[in-house]
Structures are given as structure tokens and as C-alpha cells.
Amino acid sequence: MKKLTPFEKFLLRAEDVIMTRLVPADSPGPVFKWLFKLPVFFYRIGLPLFGNFILLLTTTGRRSGKPRQTPLEYRREQGTGYMIVMAGWGGRTDWRRNLEADPRVHVQAGRKKFEAIAEPLTGAEVADWLAEAIRINPRSTRIWSKWAREPVNADDRDSLLRAARYFPSFRLRPHNG
């Protein structure tokens, strides 16, 4: 299991407080939607402060055809090193709908930039990711339980599989062009 840095521990504690006590489970609302976009600003000015924690995903708007940038927390898949991203709010996010319409994306993580194909994870794979997230940060159980609207337990495979429905997730597989 990965050992967390003090900074990562701080970020996870802050995330726990924000996501369980302040952000509604149905939608981030306008204030948090704006706050969650702040890393885009840092990426644009050349300061990817959270590059080993937050990536910048550029999708193609499903209606507009325009590039849409979304900062997302990510984890690396063991074995492949591919990045895994997870949609909150029951998957009702624009970035998820955009990449389902066109899975070709551009990714920037820190200063590293590449083109990728977004591949959906199976429910079993999402359940494995939830279990891993809980092992890394036991406090995240509160976040997953709030959004899944039922208790989620890393030791209960059925609860993880039920919760997986609320967290559509994708593997970002690099590709050329």
C-alpha cells in the first residue's frame, strides 16, 4: 500500500470535511463548482501545484464540440501506471457525459501531457478502487457512504459493488494521436 506524504494526508482530511459536511450529495452547486475549477487556473499559469494528485482532463463538449477542461483527482493503476478517474454525484457530471460521447481526451498531470482513450471500468473494478481508497484513507468511507446513500464498508464486497454504481470510473490509456 502506498505511504502518504504529510501534504497528501492534509489534503485527504480537508477533502473529507468539505465533501461530507459542506458539499451536497446531489450536486456541487455553483459555489463549489467554481471552487473545484480552481486548479484549472493554476495549470494555465504554469503552476500545476497538485500534479501528482489532480490532473487536468480535456474532453470534447458533446454538444458544442469545444474543448472542456476539468480538474480531477486521480490514482495510478498498479501494474499499468494508467490513471484512474472517478465521477461523483452519481455520475451526473458533464466531463463524464462528454467522454462517453467521445472517449478521446487530453491529459495533463503536473507538467506531463498526453493524449488518451478513456475506458470505463467494470463495477467490480470500481468496487476494488473504492476498497483501496478506504484502505488508504479510512475517512473516505463517509464520503462514499454519503454519495451512495448507504453504508459502504471495505470488508463488505456487496456494499462496494452496490456503491460502484454511483461512481462511474475510467482508465485513461495513453495513445498516439
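Q: Mind showing me how you'd approach the sheet that holds strand β3 (residues 83-86) here?
A: Strands in a sheet are paired, the pairing made by backbone hydrogen bonds, and the direction either parallel or antiparallel. Pairing within the closed barrel is antiparallel, and its six strands lie in the order β1-β2-β3-β6-β5-β4. Neighbouring strand axes in the sheet, compared pairwise and without regard to direction, differ in orientation by 45° on average. Looking at chain direction, β3 and strand β6 (residues 169-174) are connected through four bridges and run antiparallel. Within β6, the position partnered with I84 by the bridge is R171.

Q: Can you help me understand helix α7 (residues 157-164) in this one?
A: Given 3.6 residues to a turn, an α-helix orients residues that are three or four positions apart in the same direction. Every buried residue of α7 is listed here: S159, L160, A163 and A164. Along α7, the residues classed as buried sweep out an arc of 140° about the axis, all on the same side. Residues of α7 that are buried make contact with α5 (123-136) and α6 (140-148). Here α7 starts with a cap whose side-chain oxygen sits 3.1 Å from the backbone nitrogen of D158, and that cap is D156.

Q: Would you explain the packing of aromatic side chains in this entry?
A: Within a pair of aromatic rings, the relevant descriptors are the distance that separates the centres and the angle that separates the planes. A full pass over the atoms with the stated rule returns three aromatic pairs. The interplanar angle of 70° and the centroid separation of 6.0 Å between the aromatic rings of W95 and F170 together place this pair among those described as edge-to-face. Residue W95 is found in helix α4 (residues 94-101), and its partner F170 is found in strand β6; the two are separated by 75 residues along the sequence. Judged by its relative accessible area of 2%, F170 is buried. Judged by centre distance (5.0 Å) and plane angle (80°), the ring pair of W144 and F167 falls under edge-to-face. Here W144 is found in helix α6, whereas its partner F167 is found in the loop between α7 and β6, with 23 residues between them in sequence. Residue classification places W144 among the buried positions, given a relative accessible area of 13%. For F167, a relative accessible area of 0% gives the class buried.

Q: Please explain the packing of α5 against α7 as it appears in this structure.
A: The description of two packed helices rests on the angle between their axes and on the distance between the axes. The interhelical angle for the contact between α5 and α7, taken along N-to-C directions, is 115°, at an axis separation of 8 Å. Classified by the interaxial angle, the pair formed by α5 and α7 is roughly perpendicular. Crossing angle aside, the handedness with which α5 passes α7 is right-handed. When α5 is examined against α7, the residues G123, A124, V126, A127, D128, L130, A131 and I134 are found in contact with a partner set consisting of R157, L160, L161, A163 and A164. Residue composition of the contact of α5 with α7, by class: 10 nonpolar, one polar and two charged.

Procedures and definitions
Residues numbered from 1 in each chain as written. Predicted model: local features only at pLDDT ≥ 70, side-chain atom pairs only at ≥ 80, totals over all residues. Heavy atoms only, no water. Pairing = 2+ DSSP bridges. Helix = DSSP H or I, 4+ residues; strand = E, 2+ residues; numbered from the N terminus. Axes fitted to C-alpha atoms, helices over the stretch in contact; angles between N-to-C directions. Buried < 20%, exposed > 50% of the residue type's maximum accessible area, 1.4 Å probe, protein only. Arc of directions from axis to C-beta. Contact = heavy atoms within 4.5 Å. Polar contact = N/O pair within 3.5 Å; in protein donor to acceptor, adjacent residues only side chain to side chain. Phe/Tyr/Trp six-rings, centres within 6.5 Å; stacked < 30°, edge-to-face > 60°. Parallel < 35°, antiparallel > 145°, perpendicular 65-115°, else oblique. Left-handed = near helix turned anticlockwise from the far one by under 90°. Nonpolar A, V, L, I, M, F, W, Y, C, P; charged D, E, K, R; others polar.

Note that all results are geometric; they support no functional claim without further evidence.
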